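# Architecture and fold: a report
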Amino acid sequence: MAKSKNQKKKSKRRGRLRRFFTDERVKLSFGIFFILLALYTMLALISYLFTWKTDQSFEYSQILSNPDIQVENWAGKTGAFIGILLINKWFGIASFAFPALFLLVGLHTLNIKIGSLWKILRVGLIGMILASITLGYLAGDQATFLGSGPGGGHGYIISLWLNSILGKIGTGLLLLFLNFAFIIFTYRPAIQWF
């Protein structure tokens, strides 16, 4: 008897959640949110390309608590934080995939379908990670542009790790193969071209 009551409660909760997420007002709100998030993130990342030295020159533990701290990022303190997080610490220039993915999620939520959302997200995330590692490898130890180089902290650290295991030539060959395979699997006409 108690088990069936629990099942009924769970079923009611699922029904309420399903109704909530299929409500047109909620879908419209989420769609607009993701589109505006894409625009804001794009603004922050573009600005970071020009203001990265200034954005990195202060202590981030005080960024929210100290109103006297000023940044040059066009998206304000939050934009400077987003730029440092995505470009410097994470995926470098490949982080520009984030605004594109946010935009696609927003459009998909508004029933403007460009393609399979899951396929686009999967390809975008894999491409972003691969581009980060490749750019980190190409920049090597001389990477100072944008803080951690064009591949970001992720690309720099993973390329160093691969270099220690495979050597520079082995890492280069592996990345060449992975980029080649990525292009073939994501862009069908590439097979005919090759």
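Residues numbered from 1 in each chain as written. Predicted model: local features only at pLDDT ≥ 70, side-chain atom pairs only at ≥ 80, totals over all residues. Heavy atoms only, no water.

## A short note on the overall build of the protein chain
What counts here: A helix here means a DSSP run of H or I that spans at least four residues, while a strand means a run of E at least two residues long, and both kinds are numbered starting from the N terminus. With a 1.4 Å probe rolled over the protein chains alone, any residue whose accessible area is under 20% of its type maximum counts as buried; one over 50% counts as exposed, and the rest are partly exposed. Here, residues are in contact when the closest pair of their heavy atoms is within 4.5 Å.
A count of helices and strands for the protein chain gives seven helices and zero strands. When the elements of the protein chain are put in sequence order from the N terminus, they spell out α-α-α-α-α-α-α. Relative to its full complement of 194 residues, the protein chain shows a buried share of 34%. In the protein chain, the proportion of contacts linking residues at least 24 apart, taken out of those at least 6 apart, comes to 64%.

## Details of the side chain of Thr 41
Examined against the element boundaries, Thr 41 turns out to sit in helix H2 (residues 24-55). Dropping the residues within four chain positions of it, Thr 41 is found in contact with Ile 82, Leu 86, Pro 99 and Phe 102.

## Structural notes on empty space enclosed by the protein
Put simply, the rule is: Cavities and pockets are defined on a 1 Å grid built over the protein atoms alone: a cavity is a set of grid points where a 1.4 Å probe fits but cannot escape, while a pocket is an open set with protein on both sides within 12 Å along at least five of seven lines, and lining residues are those with an atom within 4 Å of any such point. Grid points are joined across faces, edges and corners, and a volume is the space filled by probe spheres set on the points. In this classification, the charged set is Asp, Glu, Lys and Arg, the nonpolar set is Ala, Val, Leu, Ile, Met, Phe, Trp, Tyr, Cys and Pro, and all remaining amino acids, among them Gly, are polar.
This structure, assessed with the given rule, holds one cavity of 30 Å³ or more. Its boundaries defined by the atoms lining it, the largest cavity holds a volume of some 40 Å³. Lining the largest cavity are Leu 104, His 108, Ile 112, Lys 113, Ile 114, Gly 115, Leu 117 and Ile 120. The set of elements that each furnish at least two residues to the lining of the largest cavity consists of helix H4 (97-109) and helix H5 (117-139). Looking at side-chain class alone, the lining of the largest cavity contains five nonpolar, two polar and one charged residues.

## What to know about the packing of aromatic side chains
The following threshold applies: Each Phe, Tyr or Trp ring (for Trp, its six-membered ring) is paired with any other whose centre lies within 6.5 Å, and the angle between the two planes then decides the class: stacked below 30 degrees, edge-to-face above 60, tilted in between.
Under the defined criterion, the tally for this structure stands at seven aromatic pairs. Relative to Phe 91, the ring of Trp 90 lies with its centre 6.3 Å away and its plane at 65 degrees, an arrangement referred to as edge-to-face. Each residue in the set Phe 33, Phe 34, Trp 90, Phe 91, Phe 98 and Phe 102 is aromatic and connected to the rest through ring pairs, giving one cluster.

## Details of helix H6 (residues 152-186)
As a reminder of what qualifies: Working rule for helices: expected span equals 1.5 Å times residues minus one. Fitting one axis to the seven residues ending at a residue and another to the seven starting there, the bend at that residue is the angle between the two axes.
End to end, H6 covers just 24 Å across 35 residues, shorter than the expected 51 Å (1.5 Å per residue, more than 12% under). A bend of about 110 degrees at Leu 166 is the largest found in H6. Listed in full, the buried residues belonging to H6 are Gly 152, Gly 153, Gly 155, Ser 159, Leu 162, Asn 163, Thr 171, Leu 175 and Ala 181. Looking at the buried positions of H6, the neighbouring elements they touch are helix H3 (76-91) and H5.

## Describing the confidence of the model for the protein chain
Threshold: How sure the predictor is of each residue is captured by pLDDT, a score from 0 to 100.
Across the protein chain, pLDDT averages 85, with 86% of residues at or above 70. Mean pLDDT across the elements of the protein chain bottoms out in helix H7 (residues 189-193) (66) and peaks in H4 (94).

## Quick word on the packing of H5 against H6
When two helices pack together, their arrangement is given by the angle between their axes and by how far apart the axes lie. Cut-off, in case you're wondering: Every angle, taken between N-to-C directions, lies between 0 and 180 degrees, and every axis is a line fitted to C-alpha atoms, over only the stretch in contact when it is a helix. For this classification, under 35 degrees means roughly parallel, over 145 means roughly antiparallel, 65 to 115 means roughly perpendicular, and everything else is oblique. Handedness of each helix crossing follows the sense of rotation of the near helix against the far helix: counterclockwise by less than a right angle gives left-handed, clockwise gives right-handed.
Here H5 crosses H6 at 135 degrees, and the two axes come no closer than 8 Å. In terms of orientation, H5 and H6 fall into the oblique class. Pair H5 / H6 crosses with left-handed handedness. Classifying every residue of the contact of H5 with H6 gives 12 nonpolar, 12 polar and one charged.

## Here we look at the environment of Ala 100
As for its placement among the helices and strands, Ala 100 is situated in helix H4. Measuring from C-alpha to C-alpha, the distance between Ala 100 and Thr 41 comes to 9.5 Å, with 59 residues separating the pair along the chain.

## With respect to the packing of H4 against H5
Across the interface, H4 lies against H5 with an axial gap of 10 Å and an inter-helix angle of 175 degrees. As the angle between them shows, H4 and H5 are arranged roughly antiparallel. Facing H4, whose interface residues are Ala 97, Phe 98, Leu 101, Leu 104, Val 105 and His 108, H5 presents Leu 117, Ile 120, Leu 121, Gly 124, Leu 125 and Met 128. When grouped by side-chain class, the residues that make up the contact of H4 with H5 number 10 nonpolar, two polar and no charged.

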